[in-house]
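# Remarks on the overall topology
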Amino acid sequence: QQPTTPTPPRPQVQPPAPSGGSASVQIGAFSTEAAAERAYAEVAAAFPQFASGRTRGIQQVTTSDGRSVYRTTVNGFSAQDARAFCGALRASGRDCLVQ
């Protein structure tokens, strides 16, 4: 009978942490705040690899014709990651703007 030695715990493998940064990706401008929030939730669910660890931004702005719209952004990207995210959005038929 051989003595049993405890197996050392295996290190947890985690995906790389988002690099963070000051770039953001605007995913749209919507007529209501609720529509802006829905759009963010849809994009975050469809692209979790990009949205994970990022923050949501919704900013009310007045257009040149006096209408209020809600610009929706995903924030906290490096410039390179923002371009990659926007490219993935465009490939899926969505519009975006890297800021």
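Look above for the structure.
These lines cover the structure that appears in this document, whether it is placed above or below. (Residues numbered from 1 in each chain as written. Predicted model: local features only at pLDDT ≥ 70, side-chain atom pairs only at ≥ 80, totals over all residues. Heavy atoms only, no water.)

Moving on, we come to the state of the cysteines. Throughout the structure, instances matching the rule amount to 1 disulfide. Linked covalently through their sulfurs, C86 and C96 form a disulfide whose S-S length is 1.8 Å. On the sign convention where negative means left-handed, the S-S torsion of about 100° between C86 and C96 marks this disulfide as right-handed. Of this pair, C86 sits in helix α3 (residues 79–91) while C96 sits in the loop between α3 and β4 (97–98), and the two are 10 residues apart along the sequence. C96 matches C86 in its accessibility class, with the two residues each being buried. (Disulfide = S-S within 2.5 Å. Helix = DSSP H or I, 4+ residues; strand = E, 2+ residues; numbered from the N terminus. Buried < 20%, exposed > 50% of the residue type's maximum accessible area, 1.4 Å probe, protein only.)

Turning to the nonpolar core, a few remarks are in order. The nonpolar side chains of a soluble globular protein tend to be buried, and buried together. Formed by 14 residues in total, the largest nonpolar core has its most connected members in V25, I27, F77, F85 and L89. Elements with a minimum of two residues in this core: β1 (23–30), α1 (33–46), β3 (68–77) and α3. Among the elements that make up this core, the one with the highest residue count is α3 (4 residues). Discounting chain neighbours no more than four positions away, the residues touching F77 are G20, G21, S22, A23, S24, V25, F50, R54, A82 and F85. (Core = buried A, V, L, I, M, F, W, Y, C linked by side-chain atoms within 4.5 Å. Contact = heavy atoms within 4.5 Å.)

This paragraph deals with the pattern of salt bridges. Inspection of every chain in the model, using the stated rule, returns 2 salt bridges. With a closest N to O distance of 3.8 Å, D81 and R54 form a salt bridge. Placement of the pair is D81 in helix α3 and R54 in the loop between α2 (48–51) and β2 (55–62), with a sequence separation of 27 residues. Since its relative accessible area comes to 24%, D81 is described here as partly exposed. Residue D65 pairs with R67 through a salt bridge whose shortest N-O separation is 3.3 Å. (Salt bridge = Lys/Arg side-chain N within 4 Å of Asp/Glu carboxyl O.)

What follows covers the sheet that holds β1. With antiparallel pairing, the 4 strands of this open sheet are ordered in space as β2-β3-β1-β4. The open sheet is flanked by β2 and β4, the only strands paired with a single partner. Where β1 lies against β3, 7 bridges are found, and the strand directions are antiparallel. Looking at the pairing, G28 lines up with T72 of β3. (Pairing = 2+ DSSP bridges.)

Under the 1.5 Å per step criterion, the end-to-end length of α3 is 18 Å for 13 residues, consistent within 8% with the ideal 18 Å. Of all the positions in α3, only A82, F85, C86 and L89 are classed as buried. Seen end-on, α3 carries its buried residues on one side only, within an arc spanning 95°. Exposed positions of α3 whose direction lies more than 90 degrees from the buried face are Q80, R83 and A91. For α3, the elements touching its buried residues are β1, α1, α2, β3 and β4. Once α3 finishes, G93 follows within two positions and takes phi at roughly 90°, a positive value. (Expected span 1.5 Å × (residues − 1). Arc of directions from axis to C-beta.)

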